[in-house]
Amino acid sequence: MDKTIKSASTSAEEIIEWGKQHDIETCFDRALKMKPCPIGESGACCKVCHMGPCRFTGKNAEEEARGVCGATLGTVAARNMVRMIAAGTAAHSDHARDMALTLLAVANGEAKDFKITDVKKLYRVAGILGIEFEGRPVNDVARDVATTFVEDFGRQKGEINYTKRAPQKTQERWRKWNIVPRGIDREVVEAMHRTNIGVDHEPDHLLTHGLRVALADGWGGCMISTDISDILFGTPSPIKAEASFGIFKEDEVNLIVHGHEPTLAEVIVDTVNEPEMIEYAKSKGAKGINLGGMCCTANEILMRHGIPTAGGFTNQELGIMTGLIDAMTVDVQCIMPAIGELSKKFHTKVITTSEKAKMQGAVHIEYDEHRAKEVAREIIKTACDNFPNRKAEGSHITLKSTLIGGFSEEYIAYMQGGKWRASFRPLNDAIMAGRIRGVVGLAGCDNPRVASTGIHKYLATELIKNDVLIVSTGCGSAACATAGYMTPEMALENAGPGLREVCEAIGIPPILHLGACVDNSRILTIATAMAAEGGLSDEIAGMPAVGIAPEWMSEKAIAIGCYFAASGVPVIFGGESPVGASKEVTKIMTEVWFERFMGALHFEPDPEKMLQMCLDYIDKARENLKLRKYEPGKFGAERVLMDMAARREIKNTAHAGVGGINESQG
Ligand code: SF4
Ligand code: MSK
């Protein structure tokens, strides 16, 4: 991996170079200037009370050093880890709470600009929650679903609802180790309590609660958020879109939505093509309005409408530096405060929209679900008003790639058998026969501390070459999409022979775009469906599956990694371990968690070692399941996969939004 470059994307490098010539600093420059503190970096610093901060340094810190209160390095590192999990869980889950409250408002007729788009998904969710739906008005069912989800946040005792979606054996492991979350908020609050000075000091005990918090994230906040987004805006099915900086248009108003919550972005999608808005843009000298996305908001509207994405986390400053963005809305999470200041050097208006988040250098137009279209129109007009202020300067880039996104659990089941025979049988069979060696969730952020997006690309190419099917979310998806890796052609050119055959038969890319960070929950339900299908493991643990977040930076990624580990998936993160100073904590997260849950959380900075570790886990799982030994190009017998034409022949496949690849509307 070339460490001399700042980004593995040539377009990004071009903009960074342009910035250097114009004396404009970005996260890539700041990452070089701001060296990580070596003590904090490895989890060896405690600042939970004002007798400290206590720093655990030196060769024998693990055995000998004590904080002023007497805390050991193990206690401190475990506390640091648990606080990261709690923060990540809080972020996803607060997003989910807003989604639940929006669903409730829609059901009560208080949010007129939204509707229940996917009634079938609403009924599916109601069925899982044990809510009667047949013969009842849709809004009544939606109200009960929303209320049940809201209760999951404040529940004090018992279990959150969605843990019962997991395979029985997975649930049994959780109950045995007492990590089933009671209420989402309760687990986060308890984590903050336990990690306060003078409470929980035993590293294993602390980290066990960390897993309970993480499960509240994966099987709580994330899953609730995914399902409500599907109910309100539609369950994704494959759709064509475009990615990278070339999506900006020279002659149109460029409005970019950045952040995480899909609600306002969806209303902007609905509103942006209203004749009144187009006329308004034209009155300002533009030919039209070009809507694009960034980070996870981009993933949300790309999957459902084919709206193009400008890329992931490290592209946000670079996007502004093209000089082509007239307005960028930002809500919550992964928004660099640097863009407020940076936008002043260009004409771009950064618009904060969440009541929770403001930023210097931005204007604030607050989103309110009760008057969503009104807010959306104000934002669109603000972007149009700014179009005449566009200056010639900026690093204009024309390069863009095509991608296919929008693979939900529901669509993946459908694509393997049509509406009436939807199943995971062909995928399980392909894994059993060795055609597909295993499945990897390639997710998480892109990071300016490495050649940004480069480790994603390296692992994506190597894994598919090794017949590993990739499911991807968040900025991992953006990294692969902007590189042009998310097309069926990628399989023809780069996949191993077995994976290539499967992709050709079904007509899918070897990297399936599953959505935003919260949509990692789709990987949990896919793994659950694979366990239920039979022939592999009868629980999530033991599957030939691994999670990788090679360039992670956010606490949300840590929460995600831990909920996969607790669910039985070995997880490999890139970079140095944030708790690497403590051998005790490292051992718990790898060996002890593996013994209990068959999941683990590793940190490995070397991409080649990450790849090897991943393939070893997959091969070991195959061996334990007594599956055919993986050999490239040699497969066992399996059922014939249905191709697209065969599926179309099945009667009644005119399933709303699920019938093949849709053309982009973006
Ligand atoms: Fe130091 Fe203990 Fe206070 Fe942490 S809690 S800062 S280890 S005295
Ligand atoms: S946006 S958490 S940088 S994936 Fe969901 Fe991307 Fe990581 Fe944020």
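Parameters at a glance
Residues numbered from 1 in each chain as written. Chains lettered and ligands numbered in written order. Predicted model: local features only at pLDDT ≥ 70, side-chain atom pairs only at ≥ 80, totals over all residues. Heavy atoms only, no water. Near = heavy atom within 4 Å. 1 Å grid on protein atoms, 1.4 Å probe; cavity = no way out; pocket = protein on both sides within 12 Å on 5 of 7 lines; lining within 4 Å. Sits in = over half its atoms within 2 Å of the grid points. Nonpolar A, V, L, I, M, F, W, Y, C, P; charged D, E, K, R; others polar. Domains from an automatic or database assignment. Core = buried A, V, L, I, M, F, W, Y, C linked by side-chain atoms within 4.5 Å. Buried < 20%, exposed > 50% of the residue type's maximum accessible area, 1.4 Å probe, protein only. Helix = DSSP H or I, 4+ residues; strand = E, 2+ residues; numbered from the N terminus. Contact = heavy atoms within 4.5 Å. Phe/Tyr/Trp six-rings, centres within 6.5 Å; stacked < 30°, edge-to-face > 60°. Lys NZ or Arg CZ within 6 Å of the ring centre and 35° of its normal. Points joined across faces, edges and corners; volume = space filled by probe spheres on them. Buried area = accessible area lost by both parts, 1.4 Å probe. Salt bridge = Lys/Arg side-chain N within 4 Å of Asp/Glu carboxyl O. Polar contact = N/O pair within 3.5 Å; in protein donor to acceptor, adjacent residues only side chain to side chain. Pairing = 2+ DSSP bridges. Axes fitted to C-alpha atoms, helices over the stretch in contact; angles between N-to-C directions.

1. Considerations on the site of ligand 2
Taken together, His260, Cys295, Cys296, Phe313, Cys334, Gly444, Cys445, Cys475, Cys517, Met553, Ser554 and Lys556 make up the full set of residues adjacent to ligand 2. Using a 2 Å cut-off from the grid points, one finds that ligand 2 occupies the largest cavity. Looking at side-chain class alone, the shell around ligand 2 contains eight nonpolar, three polar and one charged residues. Shared between two domains, the shell around ligand 2 holds at least three residues of each, these being domain 1 (245-389) and domain 2 (413-665).

2. Considering the nonpolar core
Membership of the largest hydrophobic core comes to 173 residues, with the highest contact counts inside it found for Val145, Leu463 and Trp593. Ranked by residue count, the leading element in this core is helix α10 (residues 203-233), at 15 residues. When residues of this core are sorted by domain, at least three fall in each of domain 1 (245-389) and domain 2 (413-665). Aside from chain neighbours lying at most four places away, what touches Trp593 is Leu207, Leu211, Cys562, Ala565, Ile588, Met598, Gly599 and Leu601.

3. A few points about the packing of aromatic side chains
The final tally for this structure, using the stated rule, is twelve aromatic pairs. Considering the side-chain rings of Phe149 and Tyr162, the 5.4 Å spacing of their centres and the 70 degrees angle between planes classify their relative orientation as edge-to-face. Residue Phe149 is located in helix α7 (residues 138-154), and its partner Tyr162 is located in the loop between α7 and α8 (168-176); the two are separated by 13 residues in the primary sequence. Among the aromatic residues, those joined into a ring-pair cluster are Phe407, Tyr411 and Tyr414. The aromatic ring of Tyr162 is capped on one face by Arg165, whose charged end is 4.6 Å from the ring centroid. The positively charged end of Lys381 is found above the aromatic ring belonging to Tyr280, 5.1 Å away from the centroid.

4. Focus on empty space enclosed by the protein
This model, assessed by the stated rule, comprises five cavities of 30 Å³ or more. Roughly 450 Å³ of internal volume is contained in the largest cavity. Gly441, Asn520, Ile523, Gly547 and Phe564 are, among the 40 residues lining the largest cavity, the residues nearest its centre. The element best represented in the lining of the largest cavity is helix α23 (residues 520-533), accounting for six residues. Residues that form the lining of the largest cavity fall into these classes: 30 nonpolar, nine polar and one charged. Taken domain by domain, the makeup of the lining of the largest cavity includes at least three residues from each of domain 1 (245-389) and domain 2 (413-665). If you add up the space inside the second largest cavity, you get close to 120 Å³. Forming the boundary of the second largest cavity are 16 residues, of which Ile412, Met415, Leu427, Leu469 and Leu512 lie nearest the centre. Every element with two or more residues in the lining of the second largest cavity is listed here: α17 (409-415), α18 (425-432), β11 (468-473) and α22 (497-506). Residue classes in the lining of the second largest cavity are distributed as 15 nonpolar, one polar and no charged.

5. Focus: the domain arrangement of the protein
Annotation of the protein at the domain level lists domain 1 (245-389) and domain 2 (413-665). Once you take the C-alpha centre of each, domain 1 and domain 2 turn out to be 32 Å apart. Across the interface of domain 1 and domain 2, roughly 1400 Å² is buried in total on both sides, 62% from carbon and sulfur atoms. Between the two partners, domain 1 and domain 2, sit zero salt bridges. One can count seven residue pairs in polar contact (both at pLDDT 80 or more) joining domain 1 with domain 2.

6. Considerations on the site of ligand 1
Around ligand 1, the structure places Cys46, Val48, Cys49, Met51, Gly52, Cys54, Gly67, Val68, Cys69, Ala71, Arg79 and Ile197. Among the residues making up the shell around ligand 1, the classes are represented as nine nonpolar, two polar and one charged.

7. Quick notes on the sheet that holds strand β6 (residues 327-330)
Strand order in this open sheet of five strands is β5-β4-β6-β7-β8, and the pairing throughout is parallel. Two strands lie at the open edges of the sheet, namely β5 (289-294) and β8 (363-364), each paired on one side alone. Sheet topology note: the strand β7 (residues 349-352)/β8 ladder contains two bridges and is parallel. Opposite Ile351, over in β8, you have Val363 as the bridge partner. On the sheet, helix α13 (residues 295-305) packs against β4 (253-259) and β5 and is oriented at approximately 110 degrees with respect to β4.

8. So, the pattern of salt bridges
In total, this model carries 48 salt bridges according to the counting rule given. The partner of Asp185 in a salt bridge is Arg97, and the shortest N-O contact between them spans 3.1 Å. Taken together, the residues span a long stretch of sequence, with Asp185 in helix α9 (residues 184-194) and Arg97 in helix α5 (residues 73-107) at a distance of 88 residues. You can call Arg97 partly exposed: its relative accessible area is 25%. When the shortest N-O distance is used, the salt bridge between Asp326 and Arg390 registers 2.7 Å.

9. Overview of the pairing of β5
Most of β5 is tucked away: six of the six residues are buried. Burial along β5 is two-sided: Ile289, Leu291 and Gly293 and Asn290, Gly292 and Met294, pointing in opposite directions, are all buried. Direction of pairing for β4 relative to β5: parallel, over a ladder of six bridges. Counted as the bridge partner of Val253 is Ile289 from β5.

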